[in-house]
Amino acid sequence: MQIKKVTSDKLKREYDVIIPATDIALRVEKKLKEIGKKAKFPGFRPGKAPVALLKKNYGQSVLGEVVEQIIGQSSMEALKKENLRPAMRPKFEILSFEDNADLKYKMKFEILPEMPKINFEKLKLERQKTLVTDEEINAGLERLAARVREFKKVERAAKKGDAVLIDFKGSIAGVEFAGGAAENFTLELGGNQFIPGFEDQLVGTKSGEDKKVNVTFPKDYQNKEFAGKDAVFAVKVHEVQETLPPEINDEFAKKMQFENLAKLKEAIAKQVEKDFAEISRTLVKKELFDMLEKKCDFHAPEEMLESEFDTIWKQALTEKKNDPEFDKKTEEKLKKEYKKMAERRVKLGILLAEMARENGINVSDQELTSAMIEKARAFPGAEQKVMEYLSRNQAAMEELKGPIIEDKVVNFILAKATIKENTVSSKELLAAADKLEEEAEYLGTAGYVSAGGHTHHHDDADDDDFDDGHHVHGPGCNH
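Residues numbered from 1 in each chain as written. Predicted model: local features only at pLDDT ≥ 70, side-chain atom pairs only at ≥ 80, totals over all residues. Heavy atoms only, no water.

Engineer: Could you give an account of helix H7 (residues 331-358), naming the residues involved and the relevant values?
Structural biologist: At 3.6 residues per turn, the α-helix brings residues three or four places apart onto the same side. Relative to the 40 Å expected for 28 residues at 1.5 Å per residue, H7 spans 40 Å between its end C-alpha atoms, a close match to the ideal helical length. Looking one or two residues beyond H7, the residue adopting positive phi is glycine 360, at roughly 65°. (Helix = DSSP H or I, 4+ residues; strand = E, 2+ residues; numbered from the N terminus. Expected span 1.5 Å × (residues − 1).)

Below, the structure is given as structure tokens:
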């Protein structure tokens, strides 16, 4: 095998590789002999057919298979010999190849950039911490009580906070539509379960009353068939029900499977503390990523940037198609913003992947299995199907590994960095979390850090059945 460097420009590399005709011929002959052991031809015993006959019948298909294998193997040997680590899979172009002649092909790729040396001990971060107060515990108790409240039928007009037991049937321009009807449906007035305006028109209704409810589907309604259209719902009110939150005492705690109210409060306190800790970690992680991004003073591979930008842009067009604010920005300005986002994600992905590789951080089989199970639980009734899909889809498996590796690398860095604890109120912590949520699209690199230490971009999965955001929205859904 001969290897010749053709291009070396920044991260771009191009090599010409020549495979001697003798190497190809030997592989083809070996493969034909393997086939010949089972092939049957008239006039010849199994395994006794001459190579010339085998070559006539199987030569072209075997040659194609051998060429594909030898390009894969020789390219790996070439990369190893040149001590190169490509950012993405190389692209191949056969330059010349004929029977009994050398195979010459071109290999193009971009290498991973050299990573900055970072002294984690010198990183100074701030972790916001808040104490769980009685106010948070009581609020948690009230939320819990609201979820298990009971309903009592009353003979009076419905008011906000009540529930009504109803049948309803919706129509647009006089035509009933799928998913727009239900019977014996309990609707809480003020719970914002249905389209804006629907619940308000049922305030003041009484048991046995028929009501025509006129609403307009929001312009950004998920089902584009209904978006912006006027609809009429024929509603039959069977009952008006008063909501009765339970009294919060030891009996209530026992219904919640706790020994007494004190034990229930203790459990709520632990959960609130855990929630605050997760918010605190997210905030310090964002600060860490901002800090690491400033140290990413290297060029990112162009192909990775383009691929990531294409994914983000496609997603943005889908999600923001009905967003009135989206059209106010010029396409050029939007693309500039998303290109910046893509660069951040790719650079952080490369950096974290290299940190994982250099420090031997990887995903165990147990961790991967747990992630698969967690993913499958999101699809009740289809868990087995999801597990099978994940098991046979390498790209999907890499997507699961990404967040695990990322968290491990973050933990590794935080354990070495200098972190100052700053006690804040829960209000301040939640306000910081709300602000962070607005910037959430710039967070993280999950899905880009692979267990192998290389940075990967994964195309949209072909199996849309396992999209995390997939669920059925009826016409009354206000999501």
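Having seen the structure, we can now continue with the description.
Engineer: Tell me about the environment of leucine 189, and please be specific about residues and values.
Structural biologist: Structurally, leucine 189 can be placed in the loop between strand E8 (175-188) and strand E9 (210-216). A residue is classified by how much of its surface remains accessible, and leucine 189, at 4% relative accessible area, is buried. Residues leucine 189 and glutamine 201 lie 12 residues apart in sequence; the distance between their C-alpha atoms is 9.5 Å. In this view, leucine 189 contacts Ala158, Lys159, Lys160, Gly161, Asp162, Val164, Glu199, Leu202 and Val203; residues no more than four positions away in its chain are not counted. (Buried < 20%, exposed > 50% of the residue type's maximum accessible area, 1.4 Å probe, protein only. Contact = heavy atoms within 4.5 Å.)

Engineer: Break down the packing of aromatic side chains for me, citing the residues and quoting the values.
Structural biologist: Tallying each qualifying case throughout the model produces 18 aromatic pairs. Their ring planes at 85° and their centres at 6.0 Å tell us that phenylalanine 120 and phenylalanine 412 sit as a pair that is edge-to-face. Of the two residues, phenylalanine 120 is situated in the loop between strand E4 (103-110) and strand E5 (124-129) and phenylalanine 412 in helix H10 (residues 394-416); the sequence distance between them amounts to 292 residues. Among the residues examined, phenylalanine 412 registers a relative accessible area of 23% and is labelled partly exposed. On the basis of an interplanar angle of 50° and a centroid distance of 4.8 Å, the ring pair of phenylalanine 177 and phenylalanine 226 is categorised as tilted. Linking phenylalanine 177 in strand E8 with phenylalanine 226 in the loop between E9 and strand E10 (230-244), this pair joins segments that are 49 residues apart in sequence. For phenylalanine 177, a relative accessible area of 13% translates into the label buried. Judged by relative accessible area, which is 5%, phenylalanine 226 ranks as buried. Taken together through their ring pairs, the aromatic side chains of Phe168, Phe177, Phe185, Phe194, Phe198, Phe217, Tyr221, Phe226 and Phe233 make up a single cluster. Sitting above the plane of the phenylalanine 298 ring, lysine 347 keeps its charged end 5.6 Å from the centroid. (Phe/Tyr/Trp six-rings, centres within 6.5 Å; stacked < 30°, edge-to-face > 60°. Lys NZ or Arg CZ within 6 Å of the ring centre and 35° of its normal.)

Engineer: If you had to explain the pairing of strand E7 (residues 163-172) to someone new, which residues and values would you point to?
Structural biologist: A large share of E7 lies buried, amounting to 9 of its 10 residues. Bridge analysis of E7 against E8 gives 8 bridges, and the strand direction is antiparallel. Residue phenylalanine 168 lies in a different strand from E8, and its bridge partner there is alanine 182. Turn length for the E7-E8 hairpin, with the two strands adjacent in sequence and antiparallel, is 2 residues, and the turn residue alanine 173 shows positive phi of about 55°. Bridge analysis of E7 against E10 gives 9 bridges, and the strand direction is antiparallel. Among the inter-strand pairings, glycine 170 is bridged to a residue of E10, identified as phenylalanine 233. (Pairing = 2+ DSSP bridges.)

Engineer: Explain empty space enclosed by the protein residue by residue, including any values.
Structural biologist: In this structure the tally under the stated criterion is 1 cavity of 30 Å³ or more. Reported here for the largest cavity is a volume of approximately 40 Å³. Around the largest cavity, the lining residues are Ala87, Met88, Arg89, Phe109, Glu110, Pro301, Glu303 and Met304. Mapped onto the lining of the largest cavity, the elements with two or more residues apiece are E4 and helix H6 (302-319). (1 Å grid on protein atoms, 1.4 Å probe; cavity = no way out; pocket = protein on both sides within 12 Å on 5 of 7 lines; lining within 4 Å. Points joined across faces, edges and corners; volume = space filled by probe spheres on them.)

Engineer: Explain the pattern of salt bridges to me, and be specific about the residues and the numbers.
Structural biologist: Following the criterion strictly, the structure yields 26 salt bridges and no others. For arginine 85, the salt bridge is made with glutamate 354, and the minimal N-O distance between the two is 2.8 Å. Here arginine 85, found in the loop between helix H2 (51-81) and strand E3 (91-96), pairs with glutamate 354, found in helix H7; they are 269 residues apart in sequence, far enough to count as distant. Each of Arg281, Lys285, Glu406 and Asp407 takes part in one network of salt bridges that share partners. (Salt bridge = Lys/Arg side-chain N within 4 Å of Asp/Glu carboxyl O.)

Engineer: Just give me the short version of the environment of aspartate 407, but keep the residues and values in it.
Structural biologist: Residue position: aspartate 407 is located in helix H10. On the basis of relative accessibility, which here comes to 32%, the residue aspartate 407 falls in the partly exposed class. Taking C-alpha positions, aspartate 407 is 9.4 Å from lysine 285, a pair spaced 122 residues apart along the chain. If we skip the residues at most four places from it in the chain, aspartate 407 touches Arg281 and Lys285.

Engineer: Before we move on, could you go through the pairing of E10 and cite the residues and values that matter?
Structural biologist: Summarising the sheet, strand E6 (residues 150-154) and E10 pair through 5 bridges and their orientation is antiparallel. Within E10, the residue paired with valine 154 across the bridge is valine 240. Examined bridge by bridge, E9 and E10 share 7 bridges and lie antiparallel to one another. Counterpart to threonine 216 in the pairing with E10 is aspartate 230.

Function cannot be inferred from these measures alone, as they are strictly geometric.
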